[in-house]
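Topology and contacts: notes
So the chains spell out like this:
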Amino acid sequence: MPPLTFHWFLPTNGDSRHVVGGGHGSPATASGQDRPPSVAYLSRIAGAAEDLGFTGALTPTGAWCEDAWLTTAMVSQRTERLKFLVAFRPGAVSPTLAAQMASTFQRHTGGRLLLNVVTGGESQEQRAYGDFLDKDDRYRRTGEFLQIVRGLWEGKSVDLVGEHLQVEDARLARVPDPVPDVYFGGSSPLAGEIAARHADVYLTWGEPPAAVAEKIAWVRDLAGKQGRELGRELRFGIRLHVITRDTAGQAWAEARRLLDGFDTETVRAVQAGLARSESEGQRRMLALHGGRADDLEIHPNLWAGIGLVRGGAGTALVGSHDEVAERIEEYHALGIDEFVLSGYPHLEEAYWFGENVLPRLASRGLWTHPFRGAPAAAPAPQVPFAGR
């Protein structure tokens with residue numbers, strides 16, 4: 001098996017010692033004001049992730065957070081090696097401009113761009129950006145978008161008259177080097193087809209292992225039917241939060257503390273909003289907890305509490321460092337090679353995981369520090385840090 005790759009998360013909707021809600025049509029909660037997403041603070045998180053051995057950092061997209069392209073462009077100038085998994089929506093920018101932006105980003109950062117293509121599961125939010133296609137048509141447009149972008153990245157002149165997109169004699173003056181990997185998620189039939197054809201990494205939210213295994217088998221089968229060419233083998237990743245402590249009791253106490261901070265009215269409002277989501281993945285997240293605040297451990301060390309107040313990724317690995325490492329190994333055995341993680345607050349939780357779980361995985365031969373032997377990075381800016 002290939003070694004594991006770990007990414008962290010840049011909370012461009014704000015950070016806190018409490019869960020910051022938002023996403024999939026729900027606004028960021030008031031806790032996001034505790035630590036505003038300034039470039040200085042996000043750079044502290046990015047610097048810590050870089051030092052600890054995370055390969056990259058995911059930055060979200062939507063009306064509830066800061067723009068991912070602009071934010072990561074600024075943070076990249078305060079880091080040296082960390083990659084940025086930039087989430088963006090094809091309906092908000094032309095494919096030729098997006099291909100050009102990616103090429104420019106690669107040159108100015110030394111090849112540190114990864115792309116997370118987000119089709120958009122909420123028609124109301126899409127319409128606010130001027131996109132009035134329905135969900136299925138948005139996915140079809142995404143397929144045309146990626147067809148154009150990949151052709152441009154290969155140095156081709158692209159002409160396409162599609163159902164939703166049209167370009168004539170499109171070309172790039174300079175192609176990106178390296179070509180950024182494309183990450184793509186989705187649980188609907190059309191999403192699977194797009195991922196199988198165009199993605200380098202298929203991302204799933206953190207469902208129990210049996211459900212994740214079914215998804216992997218589904219997308220692998222679709223990729224096989226697509227006849228993907230050699231050299232473009234599809235990889236698989238998972239998006240999770242994490243609460244890891246020296247003992248299981250300490251970790252679950254922290255999960256209970258977060259849960260106790262959920263206001264009943266906020267939970268009700270967020271769940272009502274998320275219930276209107278058109279996203280199949282969001283529907284699956286909601287089904288894991290059903291709006292209840294008890295019985296939230298849905299698989300050993302897999303906790304569904306985050307999804308009560310946050311759209312999108314709603315589950316967390318909770319346990320001792322050894323238990324969290326074991327759950328990661330369990331997902332890895334299914335075919336998951338990349339883990340996109342986060343925790344509240346993101347600066348402190350990066351250290352909890354990076355200083356305690358990553359060494360355990362390294363001792364099992366499952367992970368190596370991606371920057372070992374590379375020139376030393378500049379020290380990350382320091383902030384007061386209360387406790388481990």
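Residues numbered from 1 in each chain as written. Predicted model: local features only at pLDDT ≥ 70, side-chain atom pairs only at ≥ 80, totals over all residues. Heavy atoms only, no water.

**Some thoughts on the pairing of strand E6 (residues 166-170)**
In this sheet, E6 lies alongside strand E5 (residues 158-161) in antiparallel orientation, the contact comprising 3 bridges. Its bridge partner lying in E6, Leu 160 is registered against Val 167. Where E5 folds back onto E6 in an antiparallel hairpin, the turn is made up of 4 residues. (Pairing = 2+ DSSP bridges. Helix = DSSP H or I, 4+ residues; strand = E, 2+ residues; numbered from the N terminus.)

**Here we look at the packing of helix H5 (residues 135-153) against helix H6 (residues 189-198)**
Two packed helices can be described by the angle between their axes and the distance between those axes. Relative to each other, H5 and H6 sit at 5°, their axes nearing to 9 Å. The angle between the axes of H5 and H6 places the two elements in the roughly parallel class. Where H5 abuts H6, its residues Asp 136, Tyr 139, Arg 140, Thr 142, Gly 143, Leu 146, Gln 147 and Arg 150 lie against Leu 190, Ala 191, Ile 194 and His 198. Residues belonging to the contact of H5 with H6 are distributed by class as follows: 5 nonpolar, 4 polar and 3 charged. (Axes fitted to C-alpha atoms, helices over the stretch in contact; angles between N-to-C directions. Parallel < 35°, antiparallel > 145°, perpendicular 65-115°, else oblique. Contact = heavy atoms within 4.5 Å. Nonpolar A, V, L, I, M, F, W, Y, C, P; charged D, E, K, R; others polar.)

**A few points about the nonpolar core**
In this structure, Phe 6, Ile 328, Phe 339, Phe 353 and Leu 361 are the most contacted members of the largest nonpolar core, which totals 77 residues. By size, the runner-up hydrophobic cluster in this structure holds 20 residues, among which are Phe 262, Val 267, Met 285 and Ala 316. (Core = buried A, V, L, I, M, F, W, Y, C linked by side-chain atoms within 4.5 Å. Buried < 20%, exposed > 50% of the residue type's maximum accessible area, 1.4 Å probe, protein only.)

**Some points on the confidence of the model for the protein**
Mean pLDDT over the protein works out to 92, with 95% of the residues at or above the 70 mark. With pLDDT under 50 throughout, residues 375-388 is counted as low confidence; its partners more than four residues away or in other chains account for 22 contacts. (pLDDT = per-residue confidence, 0-100.)

**Observations regarding the environment of Glu 280**
By the element assignment, Glu 280 lies in helix H10 (residues 280-289). Spatially, the C-alpha atoms of Glu 280 and Ile 148 are 26 Å apart, while their sequence positions differ by 132 residues. Setting aside chain neighbours within four positions, we find Glu 280 in contact with Lys 135, Ser 187 and Ser 188.

**Let's talk about the pairing of strand E9 (residues 235-245)**
Across the 11 residues of E9, 10 count as buried, placing the element largely inside the fold. Where strand E8 (residues 201-205) meets E9, 5 bridges bridge the pair, whose relative direction is parallel. In the strand pairing of E9, Trp 205 is matched with Arg 239. Sheet topology places E9 next to strand E13 (residues 338-342); 5 bridges connect them, and they run parallel.

**Side note on the pattern of salt bridges**
Opposite charge on two side chains makes pairing possible when the charged atoms of those side chains draw close. The full count for this structure, using the stated rule, is 21 salt bridges. In this structure, Arg 284 engages Glu 207 in a salt bridge whose closest nitrogen and oxygen atoms are separated by 2.8 Å. Placement of Arg 284 in helix H10 and of Glu 207 in the loop between E8 and helix H7 (209-226) is noted, with a sequence separation of 77 residues between them. Glu 207 sits in the buried class, given a relative accessible area of 4%. Note that Arg 364 and Glu 329 form a salt bridge whose closest N and O atoms lie 2.8 Å from each other. With Arg 364 in the segment after helix H12 (346-363) and Glu 329 in helix H11 (residues 321-334), this pair connects stretches of sequence that are 35 residues apart. One network of salt bridges, with partners in common, ties together Arg 17, Arg 35 and Glu 348. (Salt bridge = Lys/Arg side-chain N within 4 Å of Asp/Glu carboxyl O.)

**Brief notes about H7**
Taking 1.5 Å of rise per residue, 18 residues should cover 26 Å, and H7 covers 26 Å from first to last C-alpha, within 8% of that figure. Listed in full, the buried residues belonging to H7 are Pro 209, Ala 211, Val 212, Lys 215, Ile 216, Val 219, Leu 222 and Ala 223. Buried residues of H7, viewed axially, fall in a sector of 155°; they line one side. The exposed set on the far side of H7, more than 90 degrees from its buried face, consists of Ala 210, Glu 214, Gly 224 and Lys 225. The secondary structure elements touched by the buried residues of H7 are H6, E8, E9, H10, strand E10 (297-299) and H11. (Expected span 1.5 Å × (residues − 1). Arc of directions from axis to C-beta.)

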